[in-house]
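# Chains, contacts and geometry: an overview
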Amino acid sequence: MNRLLNDDFKEQVRSRTDLLALVGESVALRPQRGGRDYVGLCPFHDDHNPSMHVYTDRQSFRCWVCDAGGDCFSFVMLRDRVEFREALELLANRAGLEIPRQYKAGPAGPTVDAKQKMYQVVAWAEQQFHEFLLESPQALRARRYLRDRGISDQSMVQFRLGYHPDEWEWLISQARGKYTIADLAAVKLVKERDGRGGWYDCFVDRVLFPIRDAQRRPVAFGGRVLPDSRYSEGAKYLNTDEYSLFLKSKLVYGLDEARETISKSDTVVVTEGYTDCIMAHQYGLKNVVGTLGTALNDNHVSLLKRFARRVILMFDGDVAGQKATERALVKFLSQEIDLRTLTLPGGQDPADFLIAHGADALRALLHQSVEAWEYKYRLVVERYGLDSIDSRHRILQEMLEILLEVPAAEGAGLAAKWREREQIIVGRLAQRLKVGEAFIRDRLQDLRSARQQRGGGGNGFRPVDLPGNDSRSQPAKPAIPPLPSNPSRDEQAELDLLLAVFTHPEQIESAARQVTPAEFQHVGLRRLYELCLMTHARGESPSFEKISLQIEDLGLSRLAVEVDERARRAAPRPDLLQHLLDYYRRRRELEMHSTEPVHELAEEPIAAVPGPATSETLDEMAKERLRRAMRLHASRARRPTGMAHPGETTDAPV
Ligand SMILES: [Zn+2]
């Protein structure tokens, strides 16, 4: 019942979404085949030859090079690196549809309307601040301050920087007739005066850096007080208080601008502030983001990991920067990510460094960034020196403490990977500290047991249970493998069965009676077949449209598109199904009658059947199968024991 409601809603969202327009927002598309298909440069790999196809009649897309594919939901999942639910929410909002309650994330989140209103108010405020900075004579001080920091007018526009004048109710008066105090308060732009009643603006006499979510919607502001302000005694930086749209631990500054370059380069550079991030972009380093005045936490790591495998922390060379890096280290080491750190020489911050030495110098340094592990090692060597046994012991101790802190998920492949990494680290430590690897391993084991006895957990191999972990860092479901390029005959038969059903959905009836999903070897094809059966059981036709609607997994969605595409190209004749049903029947009979492992026969790859099977090639395949089956039976019949099976001779119909 729920399932049906959900599918209805998904269908509603999908039918209200024009895939061509959606993809067109990030890819320049040109028509092909009389305007039914469109092609463009694939945004999911470094494409130079348009390989991304959008099929308007199917409302599906596929890249012929990197194999990305699916429907509108898959596209948003891939583009924004979000889960299905978020993609659905985003597309529903885009289509102006109210999301049914069972789809809402939290029990008491704001309603869609309230949320939309919030986005609207923040975007409006951003516009007010931005225009004021660019145009008002009162903003001269602010413009001068930004220029002094090296920020160009172009960057001010690109990052939509703003300024709030030195008036306590400026924004409130700007909002008059448009938004209420309650609207402004909901997004934390105003505060209530203590005791005396009334409201005041939050960012008086501050330069404002709008903070956007990954969908480029402004949700908050970072405010820098002007140095000559009469409020300069207060906090130098002030962020919007957290509220439902703005959770500091889940956002980084500049991600909206940096996202594409991060994905393409598979590298994200993290700086400590707004100006460092803006300056980097201004100098052409476009994969740079900034933290929001908070230490990097697990959520940030999970967020960044969605976009790139390599993270370079570029913090100030001062002591505070070093401490921040050291703190971040454990969090990154525990995730499957290539963490590097870069400390700028002479305690310069990135903005200063860029102004003094230029972008190429910084690029060169980024190339030399060291692995986080190495960074930590250098720090402790600096701290203790390498010259005495005692100091080497302390270095070892401190490095092992980190290994102990690293939690690794069981079963998710991470544990095995981490063990591998741990071995490498142990090997390197042994070499550098001139002690035996066995000694280090024993020492590590002792420390682990001691910890376990203290009940503190923290041994390397407990399941991850980090606070605030979101679903993305949960152990993943087993991935759906792509279609094998050299399918076994069983896999070919499974694919052909789906081609038949996708092309002639009415045939599901006979297929359902004779072939069960359990007979499928390929896990993805099996899932697709199951979906066909479920759809049929509900009294609906198992068309590609219906099937893909029930898929929330990216791998499966990609597979569905590929099967659909092959079905359309091969356009198998209606009698394909009958051939397949014969194949499955013969296989069952063989399995029943044979004591020999049928798999040996079944796993043999089919020779010379490139591309999708057509009914012609299948005819050939069926004959070949039959020939093999006969040979097998003949050889068995020659056996001296003469264990003849009654069914054997009837095994050759046709
Ligand atoms: Zn691609």
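What counts, and at which threshold
All chains use their own residue numbering, which begins from 1 and follows the written sequence. The model is predicted, so local features are restricted to residues of pLDDT at least 70 and side-chain atom pairs to those at 80 or more, both for listing and for counting; the totals for chains, interfaces and linings are taken over all residues. The way it works is that DSSP assigns letters per residue, a run of H or I at least four long becomes a helix, a run of E at least two long becomes a strand, and they are numbered from the N terminus. The contact criterion used here is simple: two residues whose C-beta atoms, placed from the backbone, lie within 7 Å are in contact. Working definition of burial: number of other C-beta atoms within 10 Å of the residue's own, with buried at 20 or more, exposed at 12 or fewer, and partly exposed in between, all C-beta atoms being placed from the backbone. Any two strands are treated as partners once DSSP identifies two or more bridges connecting them. For helices, the axis comes from a line fit to the C-alpha atoms of the stretch in contact; other axes are also lines fit to C-alpha atoms, and the angle between any two N-to-C directions lies between 0 and 180 degrees. For this classification, under 35 degrees means roughly parallel, over 145 means roughly antiparallel, 65 to 115 means roughly perpendicular, and everything else is oblique. Residues are sorted three ways: Asp, Glu, Lys and Arg are charged, Ala, Val, Leu, Ile, Met, Phe, Trp, Tyr, Cys and Pro are nonpolar, and all the rest, Gly among them, are polar. Summary of the metric used: pLDDT quantifies the predictor's per-residue confidence within the range 0 to 100. Handedness of a helix crossing follows the sense of rotation of the near helix relative to the far helix, less than a right angle counterclockwise being left-handed and clockwise being right-handed. With its strands directed away from the observer, a crossover is right-handed exactly when the path from the first strand over the helix to the second travels clockwise. Only buried Ala, Val, Leu, Ile, Met, Phe, Trp, Tyr and Cys residues enter a nonpolar core, and they are joined through C-beta atoms within 7 Å.

## Remarks on the overall build of the chain
When helices and strands are tallied, the chain shows 27 helices and 16 strands. A sequence separation of at least 24 residues applies to 64% of the contacts in the chain between residues at least 6 apart.

## A few points about the pairing of strand 10 (residues 218–225)
In terms of burial, strand 10 is a largely internal element, eight of the eight residues being buried. Pairing between strand 9 (residues 206–212) and strand 10: seven bridges, direction antiparallel. Each residue of the ladder has a partner; that of Phe209, found in strand 10, is Gly222. By the bridge criterion, three bridges tie strand 10 to strand 11 (residues 237–239) in an arrangement that is antiparallel. Directly across from Gly222, in strand 11, lies its bridge partner Asn239.

## A few points about the packing of helix 14 (residues 350–357) against helix 15 (residues 359–367)
Where helix 14 meets helix 15, the closest approach of the two axes is 7 Å, and the angle between their N-to-C directions is 125°. When the interaxial angle is binned, helix 14 and helix 15 end up oblique. Residue-level contacts link Phe353, Leu354 and His357 of helix 14 to Ala359, Ala361 and Leu362 of helix 15. For the contact of helix 14 with helix 15, a count of residues per class yields five nonpolar, one polar and no charged.

## Notes on the sheet that holds strand 5 (residues 69–70)
The sheet built from five strands is open, its strands ordered 1-2-3-4-5 with antiparallel pairing. The sheet terminates laterally at strand 1 (30–32) and strand 5, the two strands that pair on one side only. Across four bridges, strand 3 (residues 52–55) lies against strand 4 (residues 60–63) in antiparallel orientation. Directly across from Val54, in strand 4, lies its bridge partner Phe61.

## Description of the sheet that holds strand 13 (residues 288–290)
Strand pairs in the sheet, formed through backbone hydrogen bonds, run parallel or antiparallel to each other. Across the sheet, five strands lie side by side as 13-12-14-15-16; this open sheet has mixed pairing. Whereas interior strands pair on both sides, the edge strands pair on one side only; in this sheet they are strand 13 and strand 16 (370–371). Of the strands in this sheet, strand 12 (267–271) and strand 13 are in contact with helix 11 (residues 274–282), which crosses strand 13 at around 165°.

## Considerations on unusual backbone geometry
Of note, Arg81 is a non-glycine position whose phi angle comes to about 50°, a positive value. Summarising the element assignment, Arg81 is placed in the loop between helix 3 (72–80) and helix 4 (84–95). Judged by C-beta crowding, with 16 C-beta atoms within 10 Å, Arg81 ranks as partly exposed. Its identity as a non-glycine residue notwithstanding, Lys188 has a phi of 65°, on the positive side. Among the structural elements, Lys188 can be located in the loop between helix 9 (181–186) and strand 7 (190–192).

## Quick look at the confidence of the model for the chain
Residue-level pLDDT values for the chain average 80, and 78% of them are 70 or greater. Confidence, expressed as mean pLDDT per element, reaches its minimum in the chain at helix 26 (residues 598–603) with 44 and its maximum at strand 6 (residues 162–164) with 97. Across residues 456–477, where pLDDT falls below 50, the model places 40 contacts with residues more than four positions away in sequence or in other chains. Low pLDDT (under 50) marks residues 595–618, which in the prediction has 35 contacts with non-local residues, meaning those over four places away or in another chain.

## Points about the environment of Leu581
Its place among the elements puts Leu581 in helix 25 (residues 576–593). Distance in space between the C-alpha atoms of Leu581 and Ala493 is 9.5 Å, their sequence separation being 88 residues.

## Comments concerning the packing of helix 20 (residues 489–503) against helix 22 (residues 523–537)
What describes two packed helices is the angle between their axes and the distance between those same axes. The geometry of helix 20 relative to helix 22 is characterised by a closest axis approach of 10 Å and an angle of 30° between their N-to-C directions. One way to sum up the angle between helix 20 and helix 22 is to call them roughly parallel. In this structure, helix 20 meets helix 22 at a crossing whose hand is left-handed. For the pair formed by helix 20 and helix 22, the contact residues are Glu494, Leu495, Leu497, Leu498 and Val501 on the first element and Leu525, Leu528, Tyr529 and Cys532 on the second. Class assignment for the residues of the contact of helix 20 with helix 22 results in eight nonpolar, no polar and one charged.

## Topic: the pairing of strand 12
Counting buried residues along strand 12, five of its five residues qualify, which places the element largely inside the surrounding structure. In strand 12, alternate side chains face the same way, and those of Thr267, Val269 and Thr271 on one face and Val268 and Val270 on the other are all buried. Bridge count between strand 12 and strand 14 (residues 310–315): four bridges; the pairing is parallel. Bridge pairing in strand 14 links Val270 to Leu313. Between the parallel elements strand 12 and strand 13, the chain passes through helix 11 in a crossover that is right-handed.

## Let's talk about the nonpolar core
The nonpolar side chains of soluble globular proteins are, as a tendency, buried together. Residues Val268, Val270 and Val289 are the most contacted members of the largest nonpolar core, which totals 85 residues. The biggest single contributor to this core is helix 5 (residues 112–135), with eight residues. Residues within four places of Val268 in sequence aside, it is in contact with Ile262, Asn287, Val289, Leu304, Phe307, Ala308 and Val311. Phe502, Val515, Cys532 and Phe544 belong to the second-largest nonpolar core, a separate cluster that totals 32 residues.

## Looking at the environment of Gly346
Its location among the elements puts Gly346 in the loop between strand 15 (338–343) and helix 14. C-beta crowding within 10 Å serves as the criterion here: with 8 such atoms nearby, Gly346 is assigned to the exposed category. Between the alpha carbons of Gly346 and Asp316 there is a distance of 9.2 Å; along the sequence they are 30 residues apart.

## Some points on the environment of Leu285
In this structure, Leu285 sits in the loop between helix 11 and strand 13. The sequence separation of Leu285 and Arg363 amounts to 78 residues, and the corresponding C-alpha distance is 8.1 Å.

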